[in-house]
Amino acid sequence: MSENLDHSLQDPPQLPSEFGTGPLVRKNSAITEPAWVRWLLIALALAFLSLFLLLPLLSVFTEALRDGWGTYLSALREPDAMAAIRLTLIAALIAVPLNLVFGVAAAWCIAKFEFRGKQLLISLIDLPFSVSPVVAGLVYVLIFGAQGWAGPWFAAHDIKVIFAVPGIALATVFVTFPFIARELIPLMQEQGTDDEQAALTLGAGGFRTFWSVTLPNIKWGLLYGVLLCNARAFGEFGAVSVVSGHIRGQTNTLPLHIEILYNEYAFAAAFAVASLLAGLALVTLALKTFLEWRYADQLAAAHRR
Amino acid sequence: MPIHPGTARIHSVSLRTAQQRRAIPGFGLTLGITLSYLSLIVLIPLAGVYFKAAGLGWDGLLHTLSSARVLASLKLSFGAALIAAIFNAVFGLLVAWVFVRYRFPGKRLFDAFIDLPFALPTAVAGIALTALYAGNGWIGRYLEPLGIQIAYHPLGVVVAMTFIGLPFVVRTVEPVLAEAEKELEEAAATLGAGRWITITRVILPSVWPALLTGFALAFARAVGEYGSIIFIAGNIPMVSEITPLLIIIKLEEFDYAGATAIAAAMLTLSFLLLLAINLFQAWVRRKR
């Protein structure tokens, strides 16, 4: 991250600046704070983070195991929970590849070409981030619902969209729409077109150029985007809640299953299912941190930070 | 346009633009995919909300939006989001400062956890926060004897909004703080400025555009948030009922017109906010 810019690196490495006791460290005292101020600020920041981030995370796992491993495992083995896991996987398996293809296509035309209205296009791609998830669900109800414009047509052809898997997948696609594109666009803009020009000059076709030149260049950025997109796809609640209809064992995703269990006062079971998603969030964070650390030079996100 | 000097030299001058435009293939295909997919998934559905809202007419819209329950929910959603965003601006700046400027044990671990609200599903965050702040929870049990109620109270809404908005300020301010030139601070110190003066007169002015952007992003996210709030809020009509929840309630009552009217109002407000952020950033870029 920013550690290479940290002024304390100018000090002898054995003496990190927060231990500001050595004479060499004092040299920089003009642009740093007294040790007690530094420690106070660090303590405040860490207390804030622990209170607002670590404690909630910890409580998920504690509450999940409150009634012991038996309850925990049976909550996960329950048929409705299994159905919810399956549906969540299906929604993510539809949403992530679709947004992957879109993200690569969008980044290709935005990064490799100049055209009018490009900035507007970038803003429009970011749009789903600023729309409330509930409104995102509502828009599909207005189109595909029983009273919607396309609703009667779909009903006549016996296709269920709302309160069924297609609606859930659509809502998931909407909320995870920008993730991959917004990671790839700045990355590919930065990489320019030199490599592709070279490949084309050497006689490679367009697809071959993309496959063996562009793709290897963007693979870590792509993985990074997929990771974030996937985490959101698994956890989306508001948008999916509107279109799902909450039919147990049929149209419940994992987050919706948590809500139902919680509202039935099955707290241990709700937290057991929640701990699955919290575990996924931890894996996501770990992989994300690993990518940022190992492949920082090949990620746009790491450059921005 | 990114022009490679080597390839440009090969072509005759008159052919240059045409050749380069053709040099990289796939423009039509990728732009076509992008525009169709964007329109199908995002633009047309969102336009549908306005189309439907327009069918209600001004009177219909105003009738829904001016009802006491809707007004109370808007006041709560925007008011709580504002408080949470201010809280996040203050602590986000502190966290960004500490992580950019100081070294301490466990820094990398904590740094990874800052993104937790992005990765943790909102429903999980919601029940976890409720468990913490309820009367028998780890935090609630110490606050309750003091007469402070957070869960099932508007304050709970603020807590949930603070949680989900936390990374926005930190992640927007961090790169700006990291880039801030040490030389300027050294110059200020050389000229006799104390540390406090240097911070308020040299560092803060370079950071505040990023701080304001992060604040606006956290605010926008908090206004639309649903999943983490409904568990902790208690959802008492007129007291702790947020606007997105009201949309869902209207839908469950099959009041599609009412739901659409509220959604259109929320969409418009978030578009205006987005526009304001973009204009502000453009203004800051021009000023530099």
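Throughout what follows, the structure given in this document is the object of discussion.

Cut-offs and rules
- Residues numbered from 1 in each chain as written.
- Chains lettered and ligands numbered in written order.
- Predicted model: local features only at pLDDT ≥ 70, side-chain atom pairs only at ≥ 80, totals over all residues.
- Heavy atoms only, no water.
- Helix = DSSP H or I, 4+ residues; strand = E, 2+ residues; numbered from the N terminus.
- Contact = heavy atoms within 4.5 Å.
- Expected span 1.5 Å × (residues − 1).
- Buried < 20%, exposed > 50% of the residue type's maximum accessible area, 1.4 Å probe, protein only.
- Phe/Tyr/Trp six-rings, centres within 6.5 Å; stacked < 30°, edge-to-face > 60°.
- Lys NZ or Arg CZ within 6 Å of the ring centre and 35° of its normal.

So, about the side chain of Thr198(B). When you line up the elements, Thr198(B) lands in helix α11 (residues 195-224). Ignoring anything within four residues of it in the chain, the contact list for Thr198(B) reads Glu185(B), Ala188(B), Ala193(B) and Ile203(B).

In a regular helix each residue adds 1.5 Å, so twelve residues correspond to 16 Å; helix α8 (residues 165-176) of chain A covers 16 Å between its end C-alpha atoms and thus fits that length. Most of α8(A) is tucked away: nine of the twelve residues are buried. Residues of α8(A) that are buried: Gly167(A), Ile168(A), Ala169(A), Ala171(A), Thr172(A), Val173(A), Phe174(A), Val175(A) and Thr176(A). Each element contacted by the buried residues of α8(A) is listed here: α4 (79-112), α6 (133-144), α9 (179-191), α11 (206-235) and α12 (238-244) of chain A together with α3 (27-65) of chain B.

On to the packing of aromatic side chains. According to the stated counting rule, one finds 32 aromatic pairs over all chains in the structure shown. Where Phe78(B) meets Phe219(B), the ring centres are 6.1 Å apart and the plane angle is 55°; that geometry is what we call tilted. Placement of the pair is Phe78(B) in helix α4 (residues 68-101) and Phe219(B) in helix α11, with a sequence separation of 141 residues. Relative accessible area serves as the criterion here: at 24%, Phe78(B) is assigned to the partly exposed category. Given a relative accessible area of 12%, Phe219(B) falls into the buried group. For Lys112(A), the ring lying beneath its charged end belongs to Trp108(A), and the centroid distance is 5.7 Å.

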